[in-house]
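# Descriptive analysis of the structure
Next come the chains, spelled out residue by residue.
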Amino acid sequence: MAYLCNMKMFLILLFIALWGNSLANVRVQDRRVQRNTRIDPKPANSPASLSSNLFPGGHCLVNGMVMFESAVWSPKPCSVCSCKRGKVNCEDMLCSSSTCVGPACVPTDHNPAASLVPGKKLGRKIAQASKTKTPADRMKQKSEKIQAAASPRQDVQQNGKPRKQEVVSQRKEKAPLMSERQDERKMKKQDVKSGKQEVGGSTMKQERKKGNMKKEEKAPKTFEEKEKVKFLTKGTQQTSPKWLDGPKLNAPSHPRFKDLNDFDDADSNENNHEDIYDDLGDFFFGRTLPDQPRPSHTRHAIMESLPVGCILSESTIGCGGTKMTHVPILNDPGIKTLYLAENEISKIPAGAFSGLTGLEWLDLSKNRLNDSSFSSELFQNLTKLKRLNLDGNFLTKIPPLPPSLEELKMNDNKLKGLDQQSFKGLLKLLTLELEGNGLHDGNVVPLAFKPLSRLIYLRLDENRFRALPSGLPSSLQELHMDENLIEDIQEGILNKTLNLVVLVLSNNRIQENRIAPRAWFHLSKLEAIDLSYNRLVHVPSFLPVSLRQLTLHHNQIERIPGYVFAHMKPGLEFLHLSHNKLRDDGIHGVSFMGLYHSLTELLVDNNQLRTIPRGILNLKSLQVLRLNDNHIRYVPLNSVCDTRVTEDSSLISLHLENNLIDRRQIPPTAFSCIKTYHSVVLRPQKFEE
C-alpha cells in the first residue's frame, strides 16, 4: 500500500511538472508570434474582424490583444465574446432597456471618449472606480503592454529617447469607462445570486435611471460643448475663424482648444485620474481659457483683402506704409484702432467704415485725400470715434465729422479758411491741431471756434496770422502760434481765455512796445509764456502775476529793467535769456527783485557779459546758473558765494566755460558755498582752445 501511494504521488508530481513546462513553452511562443504580428486595423467589435482573428496554439488575437483559450469579454454593451479553439465567437444577450428623454441622453453605443466630458463630480467617481482593479483589469493592462511592445520603433525618436505613447493616453481615457462597465456586471451577478435579477427588473431600472440623470446633468447641452466633445473624440484641433477673405496675413494664431496630451503626466500612473478630470471639468464648464479669441460670430470676414505687411491684433489693424490706394470696406465691430498712415489713399467708399462701429482711433495721415474723398455719410456709424488724424493731405475745408470726436489733427493741409459751420456739432472736441495751413486773419471768421465749448488745446503754428485770432473758447488752456507773422498783441484779445495756462508765440515779429499793457496781465492762471525768436529789445513789462516760466532766448534783449518781476507772486522759477545782447550795465541790482526766493534756473549764456551779474548772490533758491560763452574775465569774491555766511548754497550746476577767466586768479573761497567741486565747470576757456 505504501508503495502504491508513493507511485501515485510521483505520477502526480511528474504530470504537474510536464504541464508547467508545456505552458511555459506556449507563453514563449505567444510572445515570439506577437512581436512579428501587426495590429489588425479593423475594430474589435466588427464581426468580420472577430471571426478572422485566429491565433495558433488555441489563442485568439483581438484588436492587437491576445486572448487565451476560454477567455470571455464584452466588446460592447449587450454582447459577450469568447475564445474557443483559436476562434472568436460572439453572442448577443438580453439587457434591461432604459428610457431617456432630451438631448442630453447618451446612447448605449456612445463613444468612450464622450464619457470623459462630464465635470468634476462624475470625474472623481470614475477615478475612484478605476482604483479598484479586477482580474479583467489586470488582463487588459497586460494585453496593452503586449500591444505597446508589438511596435517599438514607432515610439522611439531619432535620438533614441522614447516618445509619449498614444497607448498610455488611450488607456487613461478608456480605463474609467471599462471600470464602470465591470462594476455594472458585478452588480448584475450579485443580483442573480440573490434572486433579485430579472429582465427589465425594477432594481436595474432604478440604477440605470440614476446613471442617466447624472449623464443628463453633466452632458454637454450647447453647440459649442458638443463641438468640443467632437474634438476629443476625433483627436482633431479646431482652427480659429478667418479674419479676412483673401491672402493670409501675419495675424497672431490662438489655439481654440487644449490638447489632451497637456493633461498627461510624464509617468503612466493611473491614480491621477481625479486631477485630470478636474482640469477637464474646468475646461468644458464655466471657466474661460486664457488668450481665448472672441467667438467667431464677432469677427466676420473682412470683405476686401488687405495688402501684405498689415499688422492685425484683437482690436487693431495697422497698414502703415503698404502703398494702399483706397480704403477697403471693413466689417468688424471689435476693431478699435485703424492705422492707415503713409499710403497713397485717394478714395474712401461711403460705407468703408460702416462695419467698424467700435472704432475709437483712425489715422489717415500722409495720404492723398482731398475734399471729394469724404462723403457726408462716411463717419455716420462711427459713434465711438474719439481720435482722427488727417495730417499731410490735400484738404481745403473741414470734412463732416462725428460728434463723438475728442481729438482732430489736420496739420499740413491746404485749408482755405474756417467759418462758423466748420466745427459744428463738435461739442466734445478737446484737442485741435491746424498747423501748416494757409490760415490768416482774413479767412478765419471770429465765430469759427464758438462751437468748441470744451476745447483745451489749440495749435495754429506755421500759418500766416498777424495777430491772435479773436473768438477763442473760454475753456482753452494751451495756445500754440509758433512761426506766424504776429507783430503785436492787442488788448482785450485774450479777455475771455481766463483758463489759459500755456501761451507759445515764438518765431514771430513781436516787439515789446507792441504788447498792450493789459494784454495778458489779467490772466491769473497763465504760467508759461514763450517769446523766443522775436524782436524784443528788453524784457517786456506787465507780465502775468502767476507766471512761472518765461522763455526769451534768441532775441535782441540788452536790458532787464528794474522791478520788472517785483509784482509776481510767488515768482518766476525759470528764466531763459540765452543768445541775447545783455551787457553788464543792462542788469541792475534790483533787476531780479521778486525772484529772490522762487527762481531756480537762470540761463544767461551766449551774451556779452564781462563780469558776474549783480544780484546773483540774492537768489537763495537758485540751482542752475549758466554764464558760459560770455566775455567774463574775473570772478570777484562774494559774487557767487557770500563768505560772510556759513550756509551752503543751493547751486548744483555752475557753468563758466568758454569765457576769458584765468583760473589761477580765482580766489580760493570764491566757490566755497558750493557743496561739490564737480558742480563748477571752468574748462575750457576761449584762450585754451
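Keep in mind that what you see is a predicted model, and the values were worked out from it rather than measured.

### Digging into the side chain of N484
Looking at where N484 falls in the secondary structure, it is placed in the loop between strand 15 (478-480) and strand 16 (502-504). Relative accessible area serves as the criterion here: at 5%, N484 is assigned to the buried category. One polar contact links the side chain of N484 to the main-chain amide nitrogen of R464, over a distance of 3.3 Å. Residues within four places of N484 in sequence aside, it is in contact with L460, D461, E462, N463, R464, F465, N507 and N508.

### Things to note about the confidence of the model for the chain
Scored by pLDDT, the chain has a mean of 75; 63% of the residues are at 70 or more. This stretch, residues 98-132, has a pLDDT under 50; its non-local contacts, to residues over four places away or in other chains, come to 52 contacts. For the stretch residues 227-304, pLDDT sits under 50, and the model shows 130 contacts to residues farther than four places along the chain or on other chains.

### Some remarks on the state of the cysteines
In this structure the tally under the stated criterion is four disulfides. Linked covalently through their sulfurs, C60 and C83 form a disulfide whose S-S length is 2.1 Å. Between C60 and C83 the disulfide shows an S-S torsion of about 85°. By sign, it is right-handed. In this pair, C60 is assigned in strand 2 (residues 59-62) and C83 in strand 5 (residues 79-84), connecting sequence segments 23 residues apart. Under the relative-accessibility criterion, C60 is labelled buried at 0%. Two residues, C310 and C319, share a disulfide whose sulfurs are 2.1 Å apart. Disulfide C310-C319: torsion about the S-S bond near 120°, hence right-handed.

### Focus: the pairing of strand 5
Judged from the two bridges that link them, strand 4 (residues 72-73) and strand 5 form a sheet pairing that is antiparallel. Note that in strand 5 the partner of W73 across the bridge is C81. Counting the residues that bridge the hairpin from strand 4 to strand 5 gives five residues, and of these C78 lies at a positive phi of roughly 65°. Across six bridges, the pairing between strand 5 and strand 6 (residues 87-92) is antiparallel. Counted as the bridge partner of K84 is K87 from strand 6. What sits between the antiparallel neighbours strand 5 and strand 6 is a turn of two residues, in which R85 has the positive phi angle 55°.

### Quick look at the nonpolar core
Counting 113 residues, the largest nonpolar core has F353, W520, F565 and F671 as the members making the most contacts within it. Residue contacts for W520: discarding those within four places in its chain leaves I489, L503, L505, I515, L526, I529, L531, F542, L543 and P544. M65, W73, C81 and C83 belong to the second largest nonpolar core, which has nine residues in total.

### Things to note about the side chain of D488
Structurally, D488 is set in the loop between strand 15 and strand 16. D488 sits in the buried class, given a relative accessible area of 18%. Only 3.4 Å separates the side chain of D488 from the side chain of R514, close enough to count as a polar contact. If we skip the residues at most four places from it in the chain, D488 touches R466, A467 and R514.

### Considering unusual backbone geometry
A cis amide bond links K569 to the next residue, P570, at an omega of 0°. Residue placement: P570 occurs in the loop between strand 18 (549-551) and strand 19 (574-576). Cis geometry is adopted by the peptide bond preceding P684, which originates at R683 and carries an omega value of 0°. Tracing the chain through its elements places P684 in the segment after strand 23 (680-681). The backbone of E483 shows a phi angle near 60°, a positive value even though the residue is not glycine. Mapping E483 onto the fold places it in the loop between strand 15 and strand 16.

### Some details on the pattern of salt bridges
A side chain of one charge can pair with a side chain of the opposite charge when the charged atoms of the two come close. A complete count under the given rule lists 10 salt bridges for this structure. Between R548 and E573 there is a salt bridge, with the nearest N and O atoms lying 2.9 Å from each other. Within this pair, whereas R548 is found in the loop between strand 17 (528-530) and strand 18, its partner E573 is found in the loop between strand 18 and strand 19, the two being separated by 25 residues in sequence. Taking relative accessible area as the criterion, E573 reaches 35% and is therefore assigned partly exposed. One salt bridge in this structure joins E688 and R663, with 2.7 Å as the shortest N-O distance. Highlighted residues: E688 in the segment after strand 23 and R663 in the loop between strand 22 (653-655) and strand 23, separated in sequence by 25 residues. Each of the salt bridges in this network shares a partner with another, and the network as a whole consists of E435, R459 and D461.

### Structural notes on the packing of aromatic side chains
All chains considered together, the criterion is met by three aromatic pairs. Where F353 meets F379, the ring centres are 6.2 Å apart and the plane angle is 10°; that geometry is what we call stacked. Residue F353 is found in the loop between strand 9 (337-339) and strand 10 (361-363), and its partner F379 is found in the loop between strand 10 and strand 11 (387-389); the two are separated by 26 residues along the sequence. Overall, F353 belongs to the buried group, its relative accessible area being 0%. Note that R387 overlies the ring of W361, its terminal NZ or CZ placed 4.1 Å from the centroid.

### Section: a nonpolar patch on the surface
Taken together, M9, I12, L13, F15, I16 and W19 make up a surface patch of nonpolar side chains, about 690 Å² in accessible area. Relative to the helices and strands, I16 is located in helix 1 (residues 2-35). A residue is classified by how much of its surface remains accessible, and I16, at 49% relative accessible area, is partly exposed.

Criteria and cut-off values
Residues numbered from 1 in each chain as written. Predicted model: local features only at pLDDT ≥ 70, side-chain atom pairs only at ≥ 80, totals over all residues. Heavy atoms only, no water. Helix = DSSP H or I, 4+ residues; strand = E, 2+ residues; numbered from the N terminus. Buried < 20%, exposed > 50% of the residue type's maximum accessible area, 1.4 Å probe, protein only. Polar contact = N/O pair within 3.5 Å; in protein donor to acceptor, adjacent residues only side chain to side chain. Contact = heavy atoms within 4.5 Å. pLDDT = per-residue confidence, 0-100. Disulfide = S-S within 2.5 Å. Pairing = 2+ DSSP bridges. Core = buried A, V, L, I, M, F, W, Y, C linked by side-chain atoms within 4.5 Å. Salt bridge = Lys/Arg side-chain N within 4 Å of Asp/Glu carboxyl O. Phe/Tyr/Trp six-rings, centres within 6.5 Å; stacked < 30°, edge-to-face > 60°. Lys NZ or Arg CZ within 6 Å of the ring centre and 35° of its normal. Patch = residues over 30% accessible without salt bridge, like charges linked within 9 Å, V, L, I, M, F, W, Y side chains within 5 Å. Areas by Shrake-Rupley, 256 points an atom, 1.4 Å probe, with all protein chains shown as cover.

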